[in-house]
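# Coordinate analysis (summary)
Here's the letter readout for the chains.
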Amino acid sequence: AVKRHNLTKRWLMKIIDEREKNLDDKAYRNIKELENYAENTQSSLLYLTLEILGIKDVHADHAASHIGKAQGIVTCLRATPYHGSRRKVFLPMDICMLHGVSQEDFLRRNRDKNVRDVIYDIASQAHLHLKHARSFHKSVPVKAFPAFLQTVSLEDFLKKIRRVDFDIFHPSLQQKNTLLPLYLYMQSWRKIY
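Residues numbered from 1 in each chain as written. Predicted model: local features only at pLDDT ≥ 70, side-chain atom pairs only at ≥ 80, totals over all residues. Heavy atoms only, no water.

Turning to the overall build of the chain, a few remarks are in order. Counting secondary structure elements, the chain contains ten helices and zero strands. What you see in the chain, going N to C, is helices and strands ordered as α-α-α-α-α-α-α-α-α-α. For 193 residues, the compact-globule estimate of 2.2 N^0.38 gives 16 Å, and the chain sits close to it at 17 Å. Taken along the three principal axes of its C-alpha coordinates, the chain extends 45 × 35 × 25 Å. Considering only contacts in the chain between residues 6 or more positions apart, those separated by 24 or more positions represent 71%. (Helix = DSSP H or I, 4+ residues; strand = E, 2+ residues; numbered from the N terminus. Rg over C-alpha atoms; globule rule 2.2 N^0.38 Å. Contact = heavy atoms within 4.5 Å.)

Have a look at this one:
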């Protein structure tokens, strides 16, 4: 892929190295660790996508960094019920401890306020990254916007989780949004991400 498509090997190596570090299935110690993982995996994929689109722009890279972090955080949240069913929890331990929540609370699918507060804090971090990425909207080349359309699904999940008061185990979070393709089309037509 590097030779054939003239891609930067560093981004592919970052993804591989970070995934290898993550094979031991440990929870993240803090939100910064989760963000670093997201930066080295999700953001690296976005950097490669920008390269494929022929975009070399510092603002596009900065937006990609924040979108990748938001994607990684949302993916961690979205996978919490699945991981819990397999007796694993990957949410940042510092935020869990701050609210007095143990891993066992997630394994038991506890829906108490302190569990929802943990989810709120983590989702808020994803929202901030998304908001920050969108603040570069006017500086990012329009050619880069297709690479950032994943923000539509990120925002959709963050809205859904807010509607259920940050109950990560609410059944509605497992349902697909049938309007998502329409939202994607509208965002691409309006040239926004």
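Interhelical geometry of helix α2 (residues 9-21) versus helix α3 (residues 31-52) gives an angle of 155° and a closest axis separation of 9 Å. Here α2 lies roughly antiparallel to α3, going by the angle between them. At the point where α2 passes α3, the crossing takes the left-handed sense. Listed contacts from α3 to Trp 11, Leu 12, Lys 14, Ile 15, Glu 18 and Arg 19 of α2 are Tyr 37, Asn 40, Thr 41, Ser 44, Leu 45, Tyr 47, Leu 48 and Glu 51. Here the residues of the contact of α2 with α3 are counted per class, giving seven nonpolar, three polar and four charged. (Axes fitted to C-alpha atoms, helices over the stretch in contact; angles between N-to-C directions. Parallel < 35°, antiparallel > 145°, perpendicular 65-115°, else oblique. Left-handed = near helix turned anticlockwise from the far one by under 90°. Nonpolar A, V, L, I, M, F, W, Y, C, P; charged D, E, K, R; others polar.)

Further remarks concern the nonpolar core. Proteins that are soluble and globular tend to have nonpolar side chains buried together. Residues Leu 77, Leu 91, Phe 106, Val 140, Phe 148 and Tyr 193 are the most contacted members of the largest nonpolar core, which totals 53 residues. Per-element tally for this core: the top contributor is helix α4 (residues 58-78), with nine residues. (Core = buried A, V, L, I, M, F, W, Y, C linked by side-chain atoms within 4.5 Å. Buried < 20%, exposed > 50% of the residue type's maximum accessible area, 1.4 Å probe, protein only.)

Another aspect to go through is α2. The terminal C-alpha atoms of α2, which comprises 13 residues, lie 18 Å apart, in line with the 18 Å expected from a rise of 1.5 Å per residue. Lining the buried residues of α2 we find α3. (Expected span 1.5 Å × (residues − 1).)

Here we come to the pattern of salt bridges. In total, this model carries eleven salt bridges according to the counting rule given. With a shortest N-O distance of 2.3 Å, Arg 116 and Asp 165 are connected by a salt bridge. Taken together, the residues span a long stretch of sequence, with Arg 116 in helix α8 (residues 113-134) and Asp 165 in the loop between α9 (151-163) and α10 (180-190) at a distance of 49 residues. Taking relative accessible area as the criterion, Arg 116 reaches 21% and is therefore assigned partly exposed. Linked through salt bridges whose partners overlap, the residues forming this network are Arg 87, Glu 104 and Arg 108. (Salt bridge = Lys/Arg side-chain N within 4 Å of Asp/Glu carboxyl O.)

Relative orientation of the contacting elements α4 and α9 amounts to 45°, with a least axis distance of 10 Å. Taken together, the axes of α4 and α9 lie oblique to each other. Of the two elements, α4 crosses α9, and the hand of that crossing is left-handed. Between α4 and α9, the contacting residues are Ile 67, Ala 70, Gln 71, Val 74, Leu 77 and Arg 78 on the first element and Thr 151, Ser 153, Leu 154, Phe 157 and Leu 158 on the second. Considered class by class, the residues forming the contact of α4 with α9 number seven nonpolar, three polar and one charged.

For the rest of this paragraph, the subject is unusual backbone geometry. Of note in this structure, Phe 166 is not a glycine but carries a positive phi near 60°. Structurally, Phe 166 can be placed in the loop between α9 and α10. On the accessibility criterion, Phe 166 (13% relative accessible area) is buried. Positive phi, close to 60°, is recorded for Lys 191, a residue that is not glycine. With respect to the element layout, Lys 191 can be found in the segment after α10.

Mapped onto the elements of the fold, His 129 is located in helix α8. Judged by its relative accessible area of 8%, His 129 falls in the buried class. Along the backbone, His 129 and Asp 61 are 68 residues apart, and their C-alpha atoms lie at a distance of 13 Å. Excluding residues that lie within four positions of it along the chain, His 129 makes contacts with Glu 35, His 66, Lys 69, Ala 70 and Ile 73.

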